[in-house]
Amino acid sequence: MKQRTIWPLILLAISMLAPAAPAQERTPGSNIAKATWSDYRDMYPQSPLCAEEEITLWTCESPQQVFSLCSSRVMTRTSGYMQYRASRNGKRTLTYPAEKKPPFGLFKYTPSANGDAWLEFTNNEYQYSLLDPLRGESSILVAGPGLSGDTMKIKCGGNQTLQLNYTMRLMYDSGVWQISGHDD
């Protein structure tokens, strides 16, 4: 009888010594992978900083300032583009990157399991974070250079589009999608 009860323990010990299966690549779900521009185009409000043929992926407007994330309708690691643009009193004050080029290596997009999403980039030693919570108000955080740099928070309205399936597809296809701080 004792031999019968020990076999499960031996099998458990052997399974613990067996090499672990290789980690599966974390990819977006099928709703994201199959998302198309035509299915989502009506969900993207147009920003005055983005051209008519561009997608306004994210925007924040105040009476005197506009901040927008504009992109081509298709992006991959080697084609398409994404730019962050800012204006004050109708005059453009910032375009990052200055040239229209693929966003891989320039931006980091992180979706969260709770539905929140954020996009980060660094320009001239300033760290920008576009925060887009599923519930609540969106915002922009701008951290100054160095450890003692001040952080400015710009409050934006809700209902941004960083969590839309087509936005997430663009982020994944362009290589800027991050999971738990790791590049995919």
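Now for a look at the structure at hand.

Reading guide: rules and limits
- Residues numbered from 1 in each chain as written.
- Predicted model: local features only at pLDDT ≥ 70, side-chain atom pairs only at ≥ 80, totals over all residues.
- Heavy atoms only, no water.
- Pairing = 2+ DSSP bridges.
- Helix = DSSP H or I, 4+ residues; strand = E, 2+ residues; numbered from the N terminus.
- Axes fitted to C-alpha atoms, helices over the stretch in contact; angles between N-to-C directions.
- Disulfide = S-S within 2.5 Å.
- Salt bridge = Lys/Arg side-chain N within 4 Å of Asp/Glu carboxyl O.
- Buried < 20%, exposed > 50% of the residue type's maximum accessible area, 1.4 Å probe, protein only.
- Polar contact = N/O pair within 3.5 Å; in protein donor to acceptor, adjacent residues only side chain to side chain.
- Contact = heavy atoms within 4.5 Å.

### Topic: the sheet that holds strand β1 (residues 55-61)
Ordered by their spatial adjacency, four strands build an open sheet running β1-β2-β3-β4, and the pairing between neighbours is antiparallel. Edge positions in the sheet fall to β1 and β4 (91-96), since each has one partner strand and no second. For this sheet the average axis-to-axis angle between neighbouring strands, irrespective of direction, equals 20°. Looking at chain direction, strand β3 (residues 82-88) and β4 are connected through five bridges and run antiparallel.

### Let's talk about the state of the cysteines
Counted according to the given criterion, the structure contains two disulfides. Residue Cys60 pairs covalently with Cys156 via a disulfide, S to S 2.1 Å. What sets the handedness of the Cys60 and Cys156 disulfide is the S-S torsion sign, and at about -95° it is left-handed. Highlighted residues: Cys60 in strand β1 and Cys156 in the loop between β9 (151-155) and α4 (165-173), separated in sequence by 96 residues. Disulfides within the protein link the bonded cysteines, taken in sequence order, as 1-3, 2-4.

### Focus: the pattern of salt bridges
Per the stated rule, a full pass over the model turns up three salt bridges. Here Glu54 ties to Lys100 by a salt bridge, and the two come within 3.7 Å at their closest N and O atoms. Here Glu54, found in the loop between α3 (37-40) and β1, pairs with Lys100, found in the loop between β4 and β5 (108-111); they are 46 residues apart in sequence, far enough to count as distant. Taking the shortest distance from any N to any O, the salt bridge between Arg169 and Asp173 comes out at 3.1 Å. Separated by four residues within a single helix, Arg169 and Asp173 lie in helix α4, roughly one turn from each other. With a relative accessible area of 26%, Arg169 lands in the partly exposed category.

### Notes on the pairing of strand β7 (residues 126-132)
In the sheet, strand β6 (residues 117-123) pairs with β7 via seven bridges, with the strands oriented antiparallel. When the sheet's bridge partners are listed, Asn123 is paired in β7 with Tyr126. Counted between consecutive antiparallel strands, the loop separating β7 from strand β8 (residues 139-143) contains six residues, among which Gly136 sits at a positive phi close to 110°.

### Quick word on α4
Regarding α4, the residues found buried are Asn165, Tyr166, Thr167, Met168, Leu170 and Met171. Downstream of α4 by a residue or two, Gly175 has a phi angle that is positive, lying close to 85°.

### Things to note about the side chain of Gln163
Looking at the element boundaries, Gln163 is found in the loop between β9 and α4. Here Gln163 falls in the buried class, since its relative accessible area comes to 18%. A distance of 2.6 Å separates the side chain of Gln163 from the backbone oxygen of Asp132, its partner in a polar contact. Apart from residues lying up to four places away in sequence, Gln163 is in contact with Tyr109, Gly115, Asp116, Ala117, Asp132, Pro133, Leu134 and Met168.

### Things to note about the sheet that holds β7
Reading across the sheet, the five strands line up as β5-β6-β7-β8-β9 and stay open at both edges, with antiparallel pairing between neighbours. Only two strands of the sheet have a single partner each, and these edge strands are β5 and β9. Between one strand axis and the next, the sheet turns through 15° on average, direction left out of account. With five bridges joining them, β8 and β9 adopt antiparallel strand pairing. Bridge assignment links Ile140 to a residue of β9, and that residue is Ile154.

Any link to function would need more than the numbers given here.
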